[in-house]
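Chain by chain, the residues:
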Amino acid sequence: MNISVQKGDLLEQECDILVLGAFEGGKEPYGAAGEVNGELGGKMFRYWKAEKFTAKPGETFLMRTDGMISAKRVLVVGLGKIDDFGVESVRQVAATSLSVAKQLRCKKVVSVLHGAGYGDLQARDCARAMVEGVRLADYKFARYKKDKSKSPDEFEIVTKDGRAVRAAQRGIVDGEVGAAGTVFARDLVNTPGQDMHPETLVDAAKMIGKGKGSIRVRVYEKERLEKMGAGGILGVAQGSECPPYLVHMVYTPEKRTKKKVALVGKAVTFDSGGLSLKPSGSMETMKIDMAGSAAVLGVFSVIDQLAPKAEVHGIFGAVENMPSGKAIRPGDVISAMNKKTIEVLNTDAEGRLTLADTLSFAVKQKPDFIIDLATLTGAVVVALGEEITAVMGNNPELSQKILMAASAAGEKMWEMPLEKNYRKLIDSDIADLKNIGSRWGGSLTAGLFLQEFVNDVPWAHLDIAGPAFAERVIDPYTKKGATGHGVRTLLELLRTI
Ligand code: BES
Ligand code: MG
Ligand code: ZN
């Protein structure tokens, strides 16, 4: 499917479907919808009144035009109330229009540039949101089941405003970058553990770096990790047939810069819990436990196109968490790369063990700040549900920047505290730390545990356990399965650095 923008008259567009928007509570169609309604002799408005179309968010109204205009059909998508309208509405409206066009097997879609000019919405941001919505709504994981649905060949945005066209063209590029990065992450996360091993993530990183002078990929194998003292990664990997790897990717911008950012991802390709075995129900979705690293890889897959003005490091410790005669036992003590010792009381709290090493490694790169993404705790899903990521960190400014970027990217995030008084809950009698806290506040004790490995480097931890995977439809562009959550927030952050 090709997505483009053009200057033109909507009434003259030959297409299978012409997409318009309408606000809830509006008395009469106005703007583009008003024009089309006029050309259709007022039919559109009469029909939508008869059908009680009220233009609530996501509500649609469809009619044939019987040759009265060049488009074969008109689709009106509800924009909701004007006061609630924003870039996220644009993303969702575009996604809805694509889904309807797909169902009708349309070849060519023409759409207005939703949102441009309303309030302080910019044409560039609206076009970007449209492309993200359309591409992500079009996404299907088709590795094991043929996708019989057919995407349109053309999705054309048409506007009368010549200046908006140029801005929208830039927005289309932004949107393609955001969508491609997200799709890259979705594919990795959707891949079952049987085809997603630590080595698979290594291959993905190498594939991204291949032929790109701006990206360097370094892979540390087991023997190297032993020399580096990466007891966390090694300990978790111990029970698996698959050897562990530490992957370090570096993007260097063309223009020299002093800015340096580290992105760290949890990369447990399957989390059985290890000897602290999970009940079978909890294990069903544990192929998603590498979603943090998938988000980092998703960013790197498009980083050349984004061209951020900073050196960007992508780091993850890839392991599989399995029970076996060689597996790490509850009660064992390991030593992380920064020499802190950890009593492993629960082998299912494995993410923080691998992150202990990966964060220590990230600190050694001397970045300005570190952001880690991890499907770290079930507790965060209890606290914030399936759609919201918890942000914790040691630097309020960085956390604030992340929350702003998330909001612009249409990803939901909320800050949670690293309460100092809870730090004692991870004191161990025989080691520097233990890997579980008390029964309560499990996401916070996990965050406090990670903090032990970042020294005083500004750092934020994103617990994405809820939004990484959708067990039900979340919105028009987030269907069941992996979401690629985190990619667009990171891209937004890097874009504005
Ligand atoms: N990968 C899980 C966390 C998780 C749960 C992610 C649900 C996505 C959805 C993590 O490794 C884990 O097992 N955490 C334990 C920690 C506990 C043993 C302290 C948990 O949350 O139960
Ligand atoms: Mg676990
Ligand atoms: Zn896990």
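What counts and what doesn't
Residues numbered from 1 in each chain as written. Chains lettered and ligands numbered in written order. Predicted model: local features only at pLDDT ≥ 70, side-chain atom pairs only at ≥ 80, totals over all residues. Heavy atoms only, no water. Buried < 20%, exposed > 50% of the residue type's maximum accessible area, 1.4 Å probe, protein only. Helix = DSSP H or I, 4+ residues; strand = E, 2+ residues; numbered from the N terminus. Arc of directions from axis to C-beta. Contact = heavy atoms within 4.5 Å. Salt bridge = Lys/Arg side-chain N within 4 Å of Asp/Glu carboxyl O. Donors = N, O, S within 2.8 Å, 3.2 Å for Na, K, Ca; no water. Tetrahedral: all angles 85-135°; square planar, octahedral: opposite > 155°, others 65-115°. Axes fitted to C-alpha atoms, helices over the stretch in contact; angles between N-to-C directions. Parallel < 35°, antiparallel > 145°, perpendicular 65-115°, else oblique. Left-handed = near helix turned anticlockwise from the far one by under 90°. Nonpolar A, V, L, I, M, F, W, Y, C, P; charged D, E, K, R; others polar. Patch = residues over 30% accessible without salt bridge, like charges linked within 9 Å, V, L, I, M, F, W, Y side chains within 5 Å. Areas by Shrake-Rupley, 256 points an atom, 1.4 Å probe, with all protein chains shown as cover. Lys, Arg positive; Asp, Glu negative; His and termini not counted. Charge placed at Lys NZ, Arg CZ, Asp CG, Glu CD.

Turning to helix α1 (residues 31-39), a few remarks are in order. Taken together, the buried positions of α1 are occupied by Ala33, Val36 and Asn37. Each buried residue of α1 sits inside an arc of 100° when the element is viewed along its axis, so together they form one side. Here the buried face of α1 lies against β2 (17-22), α2 (43-50) and β4 (73-78). Looking at the residues trailing α1, positive phi occurs at glycine 41, about 65°.

With that settled, consider the pattern of salt bridges. Two side chains carrying opposite charge are able to pair once their charged atoms lie near each other. Scanning the entire structure with this criterion turns up 28 salt bridges. Of the charged contacts, one joins glutamate 132 and arginine 91 as a salt bridge, the two residues approaching to 2.9 Å between their closest N and O atoms. Remark: arginine 91 occurs in helix α3 (residues 87-103) and glutamate 132 occurs in helix α4 (residues 123-138); sequence separation between them is 41 residues. For the salt bridge of aspartate 174 with arginine 124, the shortest nitrogen-to-oxygen distance reads 2.7 Å. Taken together, the residues aspartate 174 in helix α5 (residues 162-190) and arginine 124 in helix α4 connect sequence positions 50 residues apart. Several salt bridges converge on common partners, so that one network encompasses Glu88, Arg91, Arg128, Glu132, Glu411, Arg488, Glu492 and Arg495.

Here we take up the coordination of the zinc ion (ligand 3). The coordination sphere of the zinc ion (ligand 3), as far as protein atoms go, consists of Lys266 (NZ), Asp271 (OD), Asp289 (OD) and Glu350 (OE), spread over 2.0 to 2.4 Å. Geometry at the zinc ion (ligand 3) is octahedral, judged from its six donor atoms and the angles of 78 to 174° they form at the metal. Counting residues between consecutive donors of the zinc ion (ligand 3) along the chain gives the motif K-x4-D-x17-D-x60-E. The metal-metal distance between the zinc ion (ligand 3) and the magnesium ion (ligand 2) is 3.2 Å, with aspartate 271 coordinating both. Of the two residues, lysine 266 is situated in strand β9 (residues 260-271) and glutamate 350 in the loop between β12 (341-344) and α12 (351-364); the sequence distance between them amounts to 84 residues. Both residues of the pair, lysine 266 and glutamate 350, belong to the buried class.

This next bit is on the environment of serine 282. Position of serine 282 among the secondary structure elements: in helix α9 (residues 280-283). Among the residues examined, serine 282 registers a relative accessible area of 37% and is labelled partly exposed. Separated by 96 residues in the primary sequence, serine 282 and glycine 378 have C-alpha atoms spaced 9.5 Å apart.

A pair of packed helices is captured by two measures, namely the crossing angle of their axes and the spacing between those axes. Interhelical geometry of helix α6 (residues 198-209) versus helix α10 (residues 291-301) gives an angle of 15° and a closest axis separation of 10 Å. The angle between α6 and α10 places the two elements in the roughly parallel class. The chirality of how α6 crosses α10 is left-handed. Along the contact surface, α6 presents Leu201, Ala204, Ala205 and Ile208, while α10 presents Ser293, Leu297, Phe300 and Ser301. Its residues assigned to classes, the contact of α6 with α10 shows six nonpolar, two polar and no charged.

On the surface, Glu199, Asp203, Glu221 and Glu223 cluster together into a patch of negative charge. Looking at the element boundaries, aspartate 203 is found in helix α6.

Next up on the list: the side chain of arginine 186. Its location among the elements puts arginine 186 in helix α5. For the buried residue arginine 186, which engages in no salt bridge, the nearest side chain bearing the opposite charge is aspartate 475, 6.5 Å off. Among residues more than four places away in sequence, those in contact with arginine 186 are Leu136, Tyr139, Tyr477, Thr478, Ala482, Thr483 and Gly484.

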